[in-house]
Amino acid sequence: MDTVIGIIGGSGVYEIDGLEEARWQDVSSPWGTPSDQVLTGRLGGVNMAFLPRHGRGHVHAPSDVPYRANIDALKRLGVTDVISVSACGSFREDMAPGDFVIVDQFIDRTFARAKSFFGSGCVAHVGFAHPTCPRLSAACTVSARAAGVTVHEGGTYLAMEGPQFSTLAESRMYRDQWGADVIGMTNMPEAKLAREAELCYASVAMVTDYDCWHPDHDEVDVAQVIATLTGNGDKARRMVAGLPALLGANRAPCPHGCDRALDMAIMTAPDKRDPTLLGRLDAVAGRVL
Ligand SMILES: CSC[C@H]1O[C@H](OP(=O)(O)O)[C@H](O)[C@@H]1O
Ligand SMILES: Nc1ncnc2[nH]cnc12
């Protein structure tokens, strides 16, 4: 099977460079309009698709990002591996601004977003104990290190609703009681939807600040966040440039089963399934429906 690498660019990452045959294209989805057109092309002989999560010019707030349309659009383009690149605050002194954290766990505190492609008329429950793909995450680690980035392998990302940053009480609770390592506003429900769509998903969280728990900082300083974002965006593009050589143009089945997540997940009896919903699930779940 051909590898198609999908990159979802977060705050500060609105394009990637170096693609051959690059073109921004509309992708229509039964789940709504994606955040923007998708930039497609080839890099090192591997097909690539890039989607800016907030849209070029940063037009969508975290609660309003069309997460389902975005994942569905990437699936429709044949994407096999999704790398989410996101800005985050850090709860750990050693995870410093400018460092990358290859996230391997999430705590989902979001509450105002559609979180599943499934529902009444086609109920499914995918496994999510291990929400990111170890094979894809390892490639991100290797590529980011080769690009000169300080990388922390593994970390728990707390997804908050936003758009306001956390209170001091929340920040301390997430860090001291809940054991979160980084905080952001967008990786949920994105990671859940990627699993439902049987896509390998890795999350590269780029630290921009220490949130507000840190004794040396009071509020999150947005000016400092933006300054750090710019440098992080360059590092992210260097990491992306190294991925085709590591992942290769041909793809073996995921050893962790990400690409077979729906094998045992659908509960609704075939004769009770809603044809309208099944129609919308053509790309996401067509393999098993
Ligand atoms: C720029 S600070 C807050 C903003 O940045 C992060 O976005 P993304 O995850 O898309 O990089 C964070 O989640 C907030 O949306
Ligand atoms: N401190 C923080 N909290 C939530 N999202 C963020 N994105 C970047 N920094 C953040």
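Residues numbered from 1 in each chain as written. Chains lettered and ligands numbered in written order. Predicted model: local features only at pLDDT ≥ 70, side-chain atom pairs only at ≥ 80, totals over all residues. Heavy atoms only, no water.

Chemist: Which parts of the structure should I look at to understand the pairing of strand E11 (residues 200–209)?
Modeler: Each regular strand carries side chains that alternate between the two faces of the sheet. Summarising burial for E11: 10 of the 10 residues are buried, a large majority. Two elements, strand E5 (residues 81–90) and E11, share nine bridges in a ladder whose sense is parallel. Directly across from Ile83, in E11, lies its bridge partner Ala202. As judged from the four bridges shared by strand E6 (residues 100–103) and E11, these two strands associate in the antiparallel manner. By the bridge assignment, Ile102 is partnered in E11 with Val204. (Buried < 20%, exposed > 50% of the residue type's maximum accessible area, 1.4 Å probe, protein only. Helix = DSSP H or I, 4+ residues; strand = E, 2+ residues; numbered from the N terminus. Pairing = 2+ DSSP bridges.)

Chemist: Got a minute to help me understand the layout of surface pockets in this structure?
Modeler: Left-over empty space is what a probe sized like a water molecule reveals as it rolls over the atoms. Each pocket or cavity is described by its volume, and for the largest pocket that value is around 480 Å³. Along the walls of the largest pocket sit 27 residues, with Ser11, Ala87, Phe165, Met185 and Val225 positioned nearest its centre. Among the secondary structure elements, those contributing two or more residues to the lining of the largest pocket are E5, strand E10 (182–184), E11 and helix H5 (222–247). Among the elements that line the lining of the largest pocket, the one with the most residues is H5, at five residues. Partitioned by chemical class, the residues of the lining of the largest pocket number 13 nonpolar, 11 polar and three charged. Considering only enclosed or pocket space, the second largest pocket measures out at about 160 Å³ in volume. In this structure, the second largest pocket is lined by Gly127, Phe128, Ala129, His130, Thr132, Pro134, Arg195, His256, Gly257, Cys258 and Ala261. Of the residues assigned to the lining of the second largest pocket, the class counts are five nonpolar, five polar and one charged. (1 Å grid on protein atoms, 1.4 Å probe; cavity = no way out; pocket = protein on both sides within 12 Å on 5 of 7 lines; lining within 4 Å. Points joined across faces, edges and corners; volume = space filled by probe spheres on them. Nonpolar A, V, L, I, M, F, W, Y, C, P; charged D, E, K, R; others polar.)

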